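Residues per chain are reported as follows:
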There are 2 protein chains.
Amino acid sequence: MYSTDIFAEMVEGRLDALTASRTPATLFAPIAYTLDGGGKRLRPVLLLAAAKAFGLDPEKALGQALGIEVFHNFTLLHDDVMDNADVRRGRPAVHRRWNASAAILSGDAMLTMATQLVAEAPAGMLPEVMRLFNTTAMEVYAGQQLDMDFEDREDVSLEEYIEMIRLKTSVLLACACRMGAMLAGAPEESQRAMYRYGELLGLAFQLQDDLLDTYGDPALFGKEIGGDIINEKKTWLWINAMAREPQRMRQVLDKKLTDYLKIREITEIYDSLSLPGESRRLIGRYTEEAVAALAGVDIPGAAREYFASLARKAAERSN
Amino acid sequence: MYSTDIFAEMVEGRLDALTASRTPATLFAPIAYTLDGGGKRLRPVLLLAAAKAFGLDPEKALGQALGIEVFHNFTLLHDDVMDNADVRRGRPAVHRRWNASAAILSGDAMLTMATQLVAEAPAGMLPEVMRLFNTTAMEVYAGQQLDMDFEDREDVSLEEYIEMIRLKTSVLLACACRMGAMLAGAPEESQRAMYRYGELLGLAFQLQDDLLDTYGDPALFGKEIGGDIINEKKTWLWINAMAREPQRMRQVLDKKLTDYLKIREITEIYDSLSLPGESRRLIGRYTEEAVAALAGVDIPGAAREYFASLARKAAERSN
């Protein structure tokens, strides 16, 4: 059975044990707090599903699945310090609940714990598994760096933006998909197709995230709506509006409005340009390309359907 | 030939290439700056010397030697953010020259780069090499955490202090020594002896560092003298003085003196208790235990002499 809930439960059940009664408690408490914060567990779910699709018992890929999830949570922890974010998943960020030093050091420990988990892979596969994991990690940092660099730039192009989210978000999903296939001994061609699936899924996922930041239902989204607009983040919506209506955008920004009015007026520009619909179409296109990437791959029909439905759900999600 | 200079040059020559023309430049510039800061390169020197002592061409252990050095520099980079330190090796710390976000993210990338370099080890040895490296990394974080925890405590014992510096400093030297032997295929017994040598060398090294912080020659030491006293760091000197002359120590601290006078009066207490001499004897004891740890190990006489002289030099160094 391919069930997101079952895969997610396998992961959830093992995350607690990673920090239980480890010392110094001051190092591991922020880690337990971070890993206990919920989240979709999308990356380990993808890894376990990919392993199963190519015939491996998902239990045998659980170490790597946990490793990828711990890595993902490490990036969120450090990103929150860098972005000075107060809240994560409805709770105070670690550097607010504790302090910046705790967030930095606990994050470092999470990166090493992630590496330890990934390195539990069978010895014969370890070199290529480590190579994939470490290369991906370097790309994720590059993505976060570009994201920060964009804050000081007014000329970010759509291509640059897509490349940034590919690095910051997509490659880790792609890595999870490929690593599951790799552990199951899938042929190189299939591993690449799984990687491509994850990469396109990631683009759809992040564009949907951007859309929800402005158009989401606050009760479902879990974050304040409009944060990207307040912070003038160069998202797909922002870059398009700036390219097509630079004067109107400038006029709104020059008014130094309250957060509420700024969100309302910028959203009006997005609406008048029909950007939400255009964004949804692009998300749909990435999703269908993701599904199509698996066309030639030799996996059971149930697996193919599962990956297709997972991609479509990620693209239509409201939280 | 066992020559610290030659081993250090092998490392120096390869460090630049790790960051040359890599993008985004904003991510790699702080890394290049950090790796270019000099330092003794003691850890990679130990790794290369250990590899050679057990018959491996040091060139074949260079990846792991670089990895350990990059890891060490990553810890310095993040420690400087956590400790709010302004200066490192006579230059502005990365978070001062750039900012905290740059220091955090570049440090993260250095940890992954270190792992990539260590993971270049021959496939057959990779599981145990990775295990040693990751276990050591977790211990180093635990040491840094204890160091921070001690700031808020008045009851730190000498045993706790020694355990903290063992974790924060010694285990990485020990890991370097053992990894060199491991890569050369040395027997388990010899690997353990090398580890023990590095561990004891590390204790001597750190106690000497503490001594130099108060008694060093400012022209040679490279840092302000007395920093530990100003920050009331629980060093071996401080803990001993507090245990033997708590009232005198309290009296000085309650006077809220200027930095200059605080250093002078606390140093006077240290002197009156003959703590410098006692510390030097303890350092000498650790050094000789380190040398003795190699007694039963089957390595050439030249290697044995080299390790002995390295330990004695580290214990007598003035910078």
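Residues numbered from 1 in each chain as written. Chains lettered and ligands numbered in written order. Predicted model: local features only at pLDDT ≥ 70, side-chain atom pairs only at ≥ 80, totals over all residues. Heavy atoms only, no water.

**With respect to the nonpolar core**
The criterion, for reference: We call a set of buried Ala, Val, Leu, Ile, Met, Phe, Trp, Tyr and Cys residues a nonpolar core when their side-chain atoms join them within 4.5 Å. The classification of residues rests on relative accessible area computed with a 1.4 Å probe and restricted to protein chains. Under 20% of the type maximum is buried, over 50% is exposed, and intermediate values are partly exposed. Only heavy atoms matter for contacts: two residues are in contact if any of them lie within 4.5 Å across the pair.
Core analysis: the largest hydrophobic core is formed by 240 residues, its most contacted members being F307(A) and F307(B). Sequence-distant contacts of F307(B), that is, excluding residues within four places in its chain, are made with L46(B), A49(B), A50(B), A53(B), M194(B), Y197(B), L294(B) and I299(B).

**Some details on the side chain of H78(A)**
Here is the rule: Only DSSP runs of H or I with at least four residues qualify as helices, and only runs of E with at least two residues qualify as strands; both kinds are numbered from the N terminus onward.
Note that H78(A) resides in helix α4 (residues 62-82). Contacts of H78(A), omitting those with residues within four sequence positions, involve A103(A), I104(A), G107(A), D108(A), H78(B), I104(B) and D108(B).

**Focus: the packing of helix α15 (residues 275-293) of chain B against helix α16 (residues 301-316) of chain B**
Residues and elements named next belong to chain B. Heads up, the condition is: For every element, the axis is a line fit to its C-alpha atoms; helices are fit only across the contacting stretch, and the angle between N-to-C directions ranges from 0 to 180 degrees. If an angle is under 35 degrees, it is roughly parallel; if it is over 145, roughly antiparallel; if it lies from 65 to 115, roughly perpendicular; otherwise it is oblique. Should the near helix be turned anticlockwise from the far one by less than a right angle, the crossing is termed left-handed; should it be turned clockwise, right-handed. Note that Gly is not counted as nonpolar here; it falls among the polar residues with everything else outside the nonpolar set of Ala, Val, Leu, Ile, Met, Phe, Trp, Tyr, Cys and Pro and the charged set of Asp, Glu, Lys and Arg.
Taken N-terminus to C-terminus, the directions of α15 and α16 make an angle of 165 degrees; their axes are 9 Å apart at the nearest point. As judged from the angle between their axes, α15 and α16 are roughly antiparallel. The two elements α15 and α16 cross, and the hand of that crossing is right-handed. Across the interface between the two elements, I283, T287, E288 and V291 from α15 touch A308, A311, R312 and A315 from α16. Grouping the constituent residues of the contact of α15 with α16 by class yields five nonpolar, one polar and two charged.

**Let's talk about the interface of chain B and chain A**
Under the convention used in this document: By buried area we mean how much accessible surface two parts lose on assembly, using a 1.4 Å probe and totalling the loss over both. Pairs of N or O atoms within 3.5 Å make up the polar contacts considered here, provided that, within protein, one atom can donate a hydrogen while the other can accept it, and that residues adjacent in sequence are counted only when both atoms are side-chain atoms.
Contact residues are listed per partner, giving 35 residues for chain B and 35 residues for chain A. When chain B packs against chain A, the two sides together hide about 3000 Å² of surface, and 74% of this comes from carbon and sulfur. Between chain B and chain A we count ten residue pairs in polar contact (both at pLDDT 80 or more) in total. Of all elements in the fold, only α2 (25-35), α4 (62-82), α6 (100-118) and α7 (126-151) of chain B reach the threshold of two or more residues within the side of chain B that touches chain A. With 14 residues, α7(B) is the largest single contributor of residues to the side of chain B that touches chain A. Of the residues contributing to the side of chain B that touches chain A, the split by class is 22 nonpolar, ten polar and three charged.

**Observations regarding unusual backbone geometry**
Geometrically, the link from T23(A) to P24(A) is a cis peptide bond, its omega value of -5 degrees lying close to zero. For R89(B), which is not a glycine, the phi torsion comes out positive at approximately 50 degrees. Here R89(B) lies in the loop between β1 (87-88) and β2 (91-92). Judged by its relative accessible area of 30%, R89(B) falls in the partly exposed class. Despite not being glycine, K256(B) has its phi angle at roughly 50 degrees, a positive value. For K256(B), a relative accessible area of 72% puts it in the exposed group.

**Observations regarding the relation of the copies chain B and chain A**
What counts here: For this overlay, a least-squares fit was computed on C-alpha atoms, restricted to residues scoring pLDDT of at least 70 in both copies.
Note on the identical chains: chain B maps onto chain A by a rotation of 180 degrees and an axial translation of 0.0 Å, with an RMSD of 0.0 Å. The transformation relating the two chain copies, once decomposed into turn and shift, fits a two-fold axis. Interface overlap between copies is the fraction of interface residues in one copy that are interface residues in the other; for chain B against chain A it reaches 100%, indicating a shared surface.

**With respect to the packing of aromatic side chains**
For any pair of aromatic rings, the description rests on two quantities: the centre-to-centre distance and the angle between the ring planes. Residues and elements named next belong to chain A. Here is the rule: Each aromatic pair joins two rings of Phe, Tyr and Trp (for Trp, the six-membered one) with centres within 6.5 Å, and gets the label stacked for planes under 30 degrees apart, edge-to-face for over 60, and tilted for any other angle. Lysine NZ or arginine CZ positioned within 6 Å of the ring centre and within 35 degrees of the ring normal marks a charge as sitting over the ring.
Summed over the entire model, instances satisfying the criterion amount to 18 aromatic pairs over all chains. With a centroid separation of 6.3 Å and 50 degrees between ring planes, the pair formed by F71 and Y141 is classed as tilted. Placement of the pair is F71 in helix α4 and Y141 in helix α7 (residues 126-151), with a sequence separation of 70 residues. For the residue pair F71 and Y141, the accessibility class agrees, reading buried in each case. Ring pairing ties together the aromatic residues Y2, F7, Y197, Y306 and F307, which thus form one cluster. The ring of Y2 has K52 lying over it, and the distance from NZ or CZ to the ring centre is 5.2 Å.

**Looking at α16(B)**
The α-helix advances 3.6 residues per turn, and as a result positions three or four apart in sequence lie on the same side. All names here are of chain B. Spelled out, the test is: Expected span, for any helix, means 1.5 Å times one less than how many residues it has.
Between its terminal C-alpha atoms α16 stretches 23 Å, which fits the 22 Å expected from 16 residues at 1.5 Å a residue. Residues of α16 that are buried include every one of A303, Y306, F307, A308, L310, A311, A314 and A315, and no others. For α16, the elements touching its buried residues are α1 (4-15), α3 (42-53), α9 (188-215) and α15.

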